[in-house]
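Observations on chain architecture
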Amino acid sequence: QLQLQESGPGLVKPSETLSLTCSVSGGSISTNRYFWGWIRQPPGKGLEWIGNIFYSGSTYYNPSLKSRVTISVDTSNNHFSLDLTSVTAADTAVYYCALVRSEWFSHFGLWGRGALVTVSS
Amino acid sequence: QSVLTQPPSASGTPGQRVTISCSGSSSSIASNTVNWYQQLPGTAPKLLIYNNNQRPSGVSDRFSGSKSGTSASLAISGLQSEDEADYYCAAWDDSLNGVLFGGGTKVTVL
């Protein structure tokens, strides 16, 4: 049974880089069936897509975040990562990683439990 | 404009049928599949409907989805207290070249 688990610092200072990792267990990240995605949710607000990555490294990013976002994949350790630079309080959110069906990029079939990241000095 | 529009709230009494709309555009809903997510309080979202009207294994048949043109709908029949949650639609947008989520609809069981 595939499982996803986010990990990383819960507190990041303004202007610094937010870095999170999503560990995939119960299956290989190196599969043609899926992409791997990041979605975030500010407290009390809705969902915002950040980006998707394929095991080969191909990426799709939300245009509104593209200049600050890098998503990478580590197939040897079966995880993928999110870096968000120059963060502000507006980046405070629960960050989710998810499994994405390759045929339908908005099909997030399995989610991690989420990681709350607060941006504050 | 690349947005998916949902009503902020919907409600019904136990046993009633509730419908949630999701309005998009020619570049989003009209051209791509729609997926729906249920988010129970304090938990991660869960895929509820995929490919416009398909239910993943384990999802109750009280939930159904449909799509017509630039709009999609989620229906909950036989409303139950456990259905109190936030519901989100999502679709790829060809103009944005990215995924759009609706703003979410909070369903309350009266």
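Structural notes, computed from the coordinates. (Residues numbered from 1 in each chain as written. Chains lettered and ligands numbered in written order. Predicted model: local features only at pLDDT ≥ 70, side-chain atom pairs only at ≥ 80, totals over all residues. Heavy atoms only, no water.)

**As for the overall build of chain A**
Just so we agree on the cut-off: Numbering of helices and strands runs from the N terminus; a helix is a DSSP stretch of H or I covering at least four residues, while a strand is a stretch of E covering at least two. Just to be clear, the radius of gyration here is over C-alpha atoms, and the globule rule we use is 2.2 Å times residues to the power 0.38. The buried label applies to any residue whose accessible area, calculated with a 1.4 Å probe on protein chains only, is under 20% of its type's maximum; exposed applies above 50%, and partly exposed to all values in between. Positive charges come from Lys and Arg, negative ones from Asp and Glu, while His and the chain ends are left out of the count. Think of each charge as sitting on NZ of Lys, CZ of Arg, CG of Asp or CD of Glu.
Scanning chain A from N- to C-terminus turns up zero helices and eleven strands. Ordered by position from the N terminus, the helices and strands of chain A form the series β-β-β-β-β-β-β-β-β-β-β. Against the globule reference of 14 Å for 121 residues, chain A gives a C-alpha radius of gyration of 13 Å, in line with a compact fold. Structurally, chain A occupies a C-alpha span of about 40 × 25 × 25 Å along its principal axes. Taken across its 121 residues, chain A has 46% of its residues classed as buried. In chain A, which carries 8 positive and 7 negative side-chain charges, the distance between the mean positions of the two groups comes to 5 Å.

**A word on the nonpolar core**
To keep things clear, this is the line we draw: The definition of a nonpolar core used throughout is a set of buried Ala, Val, Leu, Ile, Met, Phe, Trp, Tyr and Cys residues joined through side-chain atoms within 4.5 Å.
Formed by 27 residues in total, the largest nonpolar core has its most connected members in Leu18(A), Trp36(A), Trp38(A), Phe80(A), Leu82(A) and Tyr95(A). Of all the secondary structure elements, the ones that give two or more residues to this core are strand E3 (18–25), strand E4 (34–41), strand E5 (48–53), strand E7 (69–74), strand E8 (79–84), strand E9 (93–101) and strand E11 (115–119) of chain A. Counting residues in hydrophobic clusters, the runner-up holds 23 residues, among them Val18(B), Phe63(B), Cys89(B) and Leu100(B).

**Quick look at the packing of aromatic side chains**
As a reminder of what qualifies: Centre distance within 6.5 Å is the pairing criterion for rings of Phe, Tyr and Trp, where only the six-membered ring of Trp is used; planes under 30 degrees apart are then read as stacked, over 60 as edge-to-face, and the remainder as tilted.
Tallying each qualifying case throughout the model produces 19 aromatic pairs over all chains. Ring centres 5.5 Å apart and planes at 80 degrees place the aromatic pair Tyr96(A) and Trp111(A) in the edge-to-face group. Residue Tyr96(A) is found in strand E9, and its partner Trp111(A) is found in strand E10 (residues 108–111); the two are separated by 15 residues along the sequence. Here Tyr96(A) and Trp111(A) have matching classes, each one buried. Considering the side-chain rings of Trp111(A) and Tyr37(B), the 5.7 Å spacing of their centres and the 70 degrees angle between planes classify their relative orientation as edge-to-face. Taken together, the positions of Trp111(A) in strand E10 and Tyr37(B) in strand E3 (residues 34–39) put the pair across two chains. With a relative accessible area of 10%, Trp111(A) lands in the buried category.

**A word on the side chain of Asn62(A)**
All names here are of chain A. What counts, and what does not: Definition of a polar contact: a pair of N or O atoms within 3.5 Å, with one able to donate and the other able to accept a hydrogen when the atoms are protein atoms, and with sequence-neighbouring residues admitted only if both atoms are side-chain atoms. Whether two residues are in contact is decided by their heavy atoms: any pair within 4.5 Å suffices.
Within the fold, Asn 62 resides in the loop between strand E6 (59–61) and E7. A polar contact is formed between the side chain of Asn 62 and the backbone oxygen of Trp 49, at a distance of 2.8 Å. Filtering out sequence-adjacent residues up to four positions away, Asn 62 remains in contact with Glu 48, Trp 49 and Ile 50.

**Section: the sheet that holds strand E5 (residues 63–68) of chain B**
Residue and element names in this part refer to chain B. Put simply, the test is: Two strands are said to pair when DSSP picks up at least two bridges between them. Each axis is a line fitted through C-alpha atoms, taken for helices only over the stretch in contact, and angles between the N-to-C directions span 0 to 180 degrees.
If you walk across this open sheet you meet the three strands as E2-E6-E5, and the pairing is antiparallel. Each having just a single partner strand, strand E2 (18–23) and E5 make up the two edges of the open sheet. If you compare each strand with its neighbour and ignore which way they point, the axes differ by 20 degrees on average. Where E2 meets strand E6 (residues 71–76), six bridges bridge the pair, whose relative direction is antiparallel. Looking at E6, one finds that Cys 22 is bridged to Ala 72.

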